[in-house]
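Listed below are the residues making up each chain.
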Amino acid sequence: MRGAVLHGPRDIRFEERPDPEIQAPTDAIIRIVAACVCGSDLWPYRGINKINGPMPMGHEYLGVVERVGDEVTSVRPGQYVIGSFVASDNTCPHCLAGFQTACVHREPVSGAQADFLRVPLADGTLVATPGEPTPEMIPSLLTLSDVMGTGWFAAVAARVEPGMTVLVVGDGAVGLHGVLAANQKGAARIITMSRHEPRQKQAIEYGATDVITERGDDGVAKVRELTDGVGADAVLECVGTAESMQQAIKSARAGAHVGFVGVPHDVHIDGIQLFRTHVAVHGGPAPVRQYLPELIDLVWKGEINPGRVFDLTLPLDQAAEGYRAMDERRAIKSLLLP
Ligand SMILES: [Zn+2]
């Protein structure tokens, strides 16, 4: 088979790779129907995260089950399935508490930008769709594998409730899905921080009511101005920089939760800042497995269309261009189809 492999900074090659095999009786092999490039793939792509040798890329996937190991009972060949970027047994105490990305048997899933993929712990990791999806549904279903599930977790971690004023920091695909999640959870007002017109438009389409273009302390002042000096009832931090985290914490009202899903890079939080502000901070790798049944249902009924964040569609063998377009900010998110 063929797949995308990162060989060094900005060096993605679509090349021959060994066909994945069943390695454990709990594995499944799926044929990829759709994959995509994640914002987090850009960290190693840009050379910011070091790699140890050639690295098969991709952890977001929608596929059809080809074959399963002897112990797999919950999915069968021919089914369309979606799974998380972290394989989990879905039975351990952390999984049962809803944190499948902290599973005691967790394994990263990687190499999804390819013709085929091995998914470990298939019973715990994969969820089948109700049937064969229409071509229009495929991009939206794919987003549930990571990006939409991550935006959803940001809203859960921020404890968004009906009627709240919600601030979303970050206008990438995760931030846009954070807006969609907050809207779905009944937020009365959703403020997005964005300077890019196409992203502002998409945020408004997903339910944003206010757009702030200022950053740093000016951005915080603007949030205060829009909320009668109080601050946001819930904040979704979807970037992962020191500046974005400070914007999130400083824009939150007393007692608010900041849900953070941007992978932190050089983020340091001062204890006394949290102590004085009564702001709670909760985040981590999103347990997207927990939300798959609910979100598949919403996509299937046509109630949400998270697939609209894809503004570039390429054949899988042009994965390198998908990376370049996102790196150069010509695309929000690249969809890859075999
Ligand atoms: Zn587990």
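Residues numbered from 1 in each chain as written. Predicted model: local features only at pLDDT ≥ 70, side-chain atom pairs only at ≥ 80, totals over all residues.

A word on the environment of Val33. Positionally, Val33 belongs in strand S3 (residues 28–36). On the neighbour-count criterion, Val33 (18 C-beta atoms within 10 Å) is partly exposed. Distance from Val33 to Leu337, taken between C-alpha atoms, is 6.6 Å for residues 304 residues apart in sequence. Setting aside anything within four residues of it in sequence, one finds Val33 in contact with Leu62, Gly63, Val64, Tyr80 and Ile138. (Helix = DSSP H or I, 4+ residues; strand = E, 2+ residues; numbered from the N terminus. Buried ≥ 20, exposed ≤ 12 C-beta atoms within 10 Å, placed from the backbone. Contact = placed C-beta atoms within 7 Å.)

A word on the UniProt feature "domain: Enoyl reductase (ER)" (unreviewed entry) in the chain. Those residues carrying the UniProt feature "domain: Enoyl reductase (ER)" (unreviewed entry) are residues 8–336 in this numbering. For residues 8–336, helix accounts for 31% and strand for 24%, while the C-alpha atoms at its two ends are 21 Å apart. (UniProt positions renumbered as here; feature names shortened; annotations may be inferred.)

This brings us to the nonpolar core. One finds Ala28, Val166, Ala182, Val235, Leu236 and Val258 to be the most contacted residues of the largest nonpolar core, which totals 106 residues. Sort the elements by how many residues they give to this core and helix H5 (residues 147–157) lands first, with 8 residues. For this core, the domains that each give at least three residues are domain 1 (2–146 + 287–337) and domain 2 (148–283). Contacts of Val258, omitting those with residues within four sequence positions, involve Ala158, Val235, Glu237, Ala248, Ile249, Ala252, Val279 and Val281. (Core = buried A, V, L, I, M, F, W, Y, C linked by C-beta atoms within 7 Å. Domains from an automatic or database assignment.)

One can find Arg276 in helix H10 (residues 271–277). Separated by 251 residues in sequence, Arg276 and Pro25 place their C-alpha atoms 52 Å apart.

We now examine the domain arrangement of the chain. Each domain of the chain was delimited in the assignment, giving domain 1 (2–146 + 287–337) and domain 2 (148–283). Computed over C-alpha atoms only, the centres of domain 1 and domain 2 are separated by 26 Å. At the junction of the two partners, domain 1 supplies 15 residues and domain 2 supplies 15 residues. Top contributing element to the side of domain 1 that touches domain 2 by residue count: helix H11 (residues 288–300), with 3 residues. Partitioning the side of domain 1 that touches domain 2 into residue classes produces 9 nonpolar, 3 polar and 3 charged. (Nonpolar A, V, L, I, M, F, W, Y, C, P; charged D, E, K, R; others polar.)

At a minimum axis separation of 9 Å, helix H8 (residues 216–226) and helix H9 (residues 242–251) run at an interaxial angle of 25°. Looking at the two axes, H8 sits roughly parallel to H9. Every pair of crossing elements has a handedness; the one defined by H8 and H9 is right-handed. For the pair H8 and H9, contact is made by Gly216, Gly219, Val220 and Val223 and by Glu243, Gln247, Lys250 and Ser251, respectively. The residue makeup of the contact of H8 with H9, split by class, is 2 nonpolar, 4 polar and 2 charged. (Axes fitted to C-alpha atoms, helices over the stretch in contact; angles between N-to-C directions. Parallel < 35°, antiparallel > 145°, perpendicular 65-115°, else oblique. Left-handed = near helix turned anticlockwise from the far one by under 90°.)

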